[in-house]
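Coordinate analysis (summary)
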Amino acid sequence: MSHTQTKPITNWCPQAKPNEEGQCGTDKLAEDGRRHHCDKTPGHSDDLHSCKCGMQWKHMM
Ligand SMILES: [Zn+2]
Ligand SMILES: [Zn+2]
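Residues numbered from 1 in each chain as written. Chains lettered and ligands numbered in written order. Predicted model: local features only at pLDDT ≥ 70, side-chain atom pairs only at ≥ 80, totals over all residues.

We now examine the overall build of the chain. The helix and strand tally for the chain stands at zero helices and four strands. The contacts of the chain with a sequence gap of at least 6 include a subset with a gap of at least 24, amounting to 19%. (Helix = DSSP H or I, 4+ residues; strand = E, 2+ residues; numbered from the N terminus. Contact = placed C-beta atoms within 7 Å.)

What follows is the structure, encoded as C-alpha cells:
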C-alpha cells in the first residue's frame, strides 16, 4: 500500500522544538510563516514574549 497522508505542515522555527513547550507556554505563528516558542519564564509579567532565535512579539488578547 502506498498511501500518503497529507498533513498540514507546521513550519517550526529551528530553535523551537515541536515536541517541547515554550517556557511560558506561549507560541506564535510569525509573519515568516514559522511557529515560535516563548522561552521566558512561566508567568513572566512583561507582555513581550521572545523566542530563543530572537523573535519577539507582544502578547495580544
Ligand atoms: Zn524562534
Ligand atoms: Zn512568554
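So that's the structure; there's more coming.
What follows is about the environment of Q56. Structurally, Q56 is set in strand β4 (residues 56–58). A count of 14 C-beta atoms within 10 Å places Q56 in the partly exposed class. As a C-alpha pair, Q56 and K28 span 28 residues in sequence and 9.3 Å in three-dimensional space. Here Q56 is in contact with L48, H49 and S50, once residues within four sequence places are set aside. (Buried ≥ 20, exposed ≤ 12 C-beta atoms within 10 Å, placed from the backbone.)

Moving on, we get to the confidence of the model for the chain. Looking at the chain, the pLDDT average stands at 84 and 92% of residues meet or exceed 70. At the low end of the mean pLDDT range in the chain sits strand β1 (residues 27–29), at 90; at the high end sits strand β3 (residues 48–50), at 93. (pLDDT = per-residue confidence, 0-100.)

Here we come to the environment of K40. Looking at the secondary structure, you find K40 in the loop between β2 (35–37) and β3. By the C-beta count within 10 Å, which is 18 here, K40 ends up partly exposed. The spatial distance from the C-alpha of K40 to the C-alpha of Q5 is 36 Å, given a sequence separation of 35 residues. If sequence neighbours within four positions are ignored, K40 has contacts with Q23, C24, H49 and S50.

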